[in-house]
Amino acid sequence: MNPGVQKTFARIMSMLVCWHPIIHEIEYYQCIAFPFIKVFHKSPVRCFEILVTLIGSWCQNWFLFCPFPPFNILCVIENIISYHDQKLMRHFMQLNISAEIYGWNLLQTSFSEVFNKRQWLKLWDNIFSNRIGFLMYCAAAFNIVMRDVLLRCKTLEQFKGCYRKHGISASILIQKAYDLQQSSPPEIDPEPVVGSFASIPKGAYPTFFQMSQMNIDLQTLTRKRIIDQEVHFMQQREDALEITHNYLKELQDLQLLRRKFLLDCIDWTDVDALEVLHKKLIKVQNLIQSNLTDQVAMLKGLIGENIFGDGKE
């Protein structure tokens, strides 16, 4: 990645997170934003406002199932393809190819995987100048334009390969998207699901969307799990400290006994008596070592191996 693009990417993503913290929770949003940052990285403020507009209008209802893909949006694409190309949809269903493959792969990369820069700019020029739902028609149109290739696919990897670089013309896709939009019945109109356009007002950047209840629940569960882990660790720590205290007291007693034997060895001159004391001394030393090994093993079991690491990376 170009160092300038990389620096601007980090800066703008940080700005977006400051604007709305939920973006930090959405891993796929970096993929959505990257093509725009790459194209407009020399104008960070303009790029930021483009992305704010993109989030606030075209992506406003994408986060209802956060952190998962927007199933509500993918259902719209599925409905459009089902109405206009039943054979292609049957092919998808027979091979268990979901909208996450034929729809989400396009949306989460902002179509950057299937077009070069010039074609990509032409596509987004039409998307930004149309109703919000036109983006869904573009995703459906790509599949219908590529139907001959897709109908020959038999494996998941083959399908995924169709949503990478291709020689398809953006003009053909755009024209097909307009045709789909004009010939679709009101029942599959994307507008009720995707929402309507809202421009950025002067003075402040508004919050266009709400955090999904699913994401709130996940965050609550995560916080509860962290608290439970902290309580459990504190209990383990108290148990470990008690064991350590008992161990140190026992070790101290054994060390005192060892010193007593050493002093006795120094004072005595009887060889047999010294040998007996030496054996007792060895026994006490082994007992100390065994005690140390057992206690360390017990502590490892309580509070984990890492705390007893040797400090090496």
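Please refer to the structure placed before this passage.
I will try to describe carefully the structure that is included in this document.

What counts, and at which threshold
Residues numbered from 1 in each chain as written. Predicted model: local features only at pLDDT ≥ 70, side-chain atom pairs only at ≥ 80, totals over all residues. Heavy atoms only, no water. Helix = DSSP H or I, 4+ residues; strand = E, 2+ residues; numbered from the N terminus. Contact = heavy atoms within 4.5 Å. Expected span 1.5 Å × (residues − 1). Buried < 20%, exposed > 50% of the residue type's maximum accessible area, 1.4 Å probe, protein only. Arc of directions from axis to C-beta. Polar contact = N/O pair within 3.5 Å; in protein donor to acceptor, adjacent residues only side chain to side chain. Axes fitted to C-alpha atoms, helices over the stretch in contact; angles between N-to-C directions. Parallel < 35°, antiparallel > 145°, perpendicular 65-115°, else oblique. Left-handed = near helix turned anticlockwise from the far one by under 90°. Nonpolar A, V, L, I, M, F, W, Y, C, P; charged D, E, K, R; others polar. 1 Å grid on protein atoms, 1.4 Å probe; cavity = no way out; pocket = protein on both sides within 12 Å on 5 of 7 lines; lining within 4 Å. Points joined across faces, edges and corners; volume = space filled by probe spheres on them. Phe/Tyr/Trp six-rings, centres within 6.5 Å; stacked < 30°, edge-to-face > 60°. Core = buried A, V, L, I, M, F, W, Y, C linked by side-chain atoms within 4.5 Å. Salt bridge = Lys/Arg side-chain N within 4 Å of Asp/Glu carboxyl O.

### Things to note about the overall build of the chain
Helix and strand counts for the chain stand at 15 helices and 0 strands. For the chain, long-range pairs separated by at least 24 residues make up 78% of all intrachain contacts whose partners lie at least 6 apart in sequence.

### Observations regarding helix H12 (residues 170-183)
Taking 1.5 Å of rise per residue, 14 residues should cover 20 Å, and H12 covers 20 Å from first to last C-alpha, within 8% of that figure. When we look at burial in H12, the residues that qualify are Ala170, Leu173, Ile174, Ala177, Leu180 and Gln181. End-on view of H12: buried residues confined to an arc of 120 degrees, all on one side of the axis. Tucked inside the fold, the buried residues of H12 contact helix H5 (71-84), helix H8 (117-128) and helix H9 (134-145). By the N-cap criterion, in which a side-chain oxygen at the helix start approaches the backbone nitrogen of a residue two or three places on, H12 is capped by Ser169, the distance to Ser171 being 3.2 Å.

### Some words on the packing of H5 against helix H7 (residues 99-107)
One can describe the packing of H5 onto H7 by two numbers: an axis separation of 10 Å at closest approach and a directional angle of 110 degrees. Taken together, the axis directions place H5 and H7 in an arrangement best described as roughly perpendicular. Pair H5 / H7 crosses with right-handed handedness. Across the interface between the two elements, Phe71, Ile73, Leu74, Ile77, Glu78 and Ile81 from H5 touch Ala99, Glu100, Tyr102, Gly103, Trp104 and Leu107 from H7. Within the contact of H5 with H7, the residues separate by chemical class into 9 nonpolar, 1 polar and 2 charged.

### Section: the packing of H8 against H9
Packed helix pairs are characterised by how far apart their axes lie and by the angle those axes make with each other. Two elements in contact, H8 and H9, have axes separated by 9 Å at closest approach and are oriented at 140 degrees. By the criterion of interaxial angle, the relationship of H8 to H9 is oblique. When you trace H8 past H9, the crossing you get is right-handed. Seen from H8, the contacting residues are Leu123, Trp124, Asn126 and Ile127; seen from H9, they are Phe134, Leu135 and Cys138. Partitioned by chemical class, the residues of the contact of H8 with H9 number 6 nonpolar, 1 polar and no charged.

### Some details on empty space enclosed by the protein
Under the counting rule described, the total for this entry stands at 1 cavity of 30 Å³ or more. Of the pockets and cavities examined, the largest cavity occupies roughly 40 Å³. Residue lining of the largest cavity: Ile32, Leu54, Cys59, Trp62, Leu107, Ser110, Trp124 and Leu135, and that is the complete set. The residue inventory of the lining of the largest cavity, partitioned by class, reads 7 nonpolar, 1 polar and no charged.

### Quick word on the layout of surface pockets
In this structure, the largest pocket spans a volume of roughly 290 Å³. Around the largest pocket, the lining comprises 13 residues; the ones closest to its centre are Phe34, Pro35, Lys38, Ser112 and Lys165. Looking at the lining of the largest pocket, the elements with two or more residues in it are helix H3 (29-40) and H8. In terms of residue count, the dominant contributor to the lining of the largest pocket is H3 (5 residues). Broken down by class, the residue content of the lining of the largest pocket amounts to 6 nonpolar, 3 polar and 4 charged.

### Brief notes about the packing of aromatic side chains
For the coordinates displayed, the defined rule picks out 14 aromatic pairs. Where Phe36 meets Trp120, the ring centres are 4.9 Å apart and the plane angle is 65 degrees; that geometry is what we call edge-to-face. With Phe36 in helix H3 and Trp120 in helix H8, this residue pair connects regions lying 84 residues apart in the sequence. By relative accessible area, Phe36 is classed as buried at 1%.

### Structural notes on the nonpolar core
Counting 73 residues, the largest nonpolar core has Leu16, Tyr29, Leu51, Trp62, Leu107, Phe111 and Met136 as the members making the most contacts within it. The element that contributes the greatest number of residues to this core is H9, accounting for 10 residues. Filtering out sequence-adjacent residues up to four positions away, Met136 remains in contact with Trp62, Ile73, Val76, Ile77, Ile80, Leu107, Pro190 and Val194.

### Section: the environment of Ile50
Among the structural elements, Ile50 can be located in helix H4 (residues 44-58). Along the backbone, Ile50 and Phe36 are 14 residues apart, and their C-alpha atoms lie at a distance of 8.1 Å. Here Ile50 is in contact with Phe36, Phe40 and Phe128, once residues within four sequence places are set aside.

### Focus on the pattern of salt bridges
Close approach of charged atoms allows side chains of opposite charge to pair. Applying the stated criterion across every chain yields a total of 4 salt bridges. Of the charged contacts, one joins Arg147 and Asp85 as a salt bridge, the two residues approaching to 2.5 Å between their closest N and O atoms. With Arg147 in helix H10 (residues 147-151) and Asp85 in the loop between H5 and helix H6 (86-94), the pair connects residues that are 62 residues apart, well separated along the chain. Judged by its relative accessible area of 22%, Arg147 is partly exposed. Classification of Asp85 as buried rests on a relative accessible area of 5%. A salt bridge links Asp189 to Arg131; the nearest nitrogen and oxygen atoms lie 3.9 Å apart. In this pair, Asp189 sits in the loop between H12 and helix H13 (191-194) while Arg131 sits in the loop between H8 and H9, placing the two residues 58 residues apart along the sequence. A relative accessible area of 24% means that Asp189 is categorised as partly exposed. Among the charged side chains, a network of salt bridges with common partners joins Asp85, Arg147 and Asp148.

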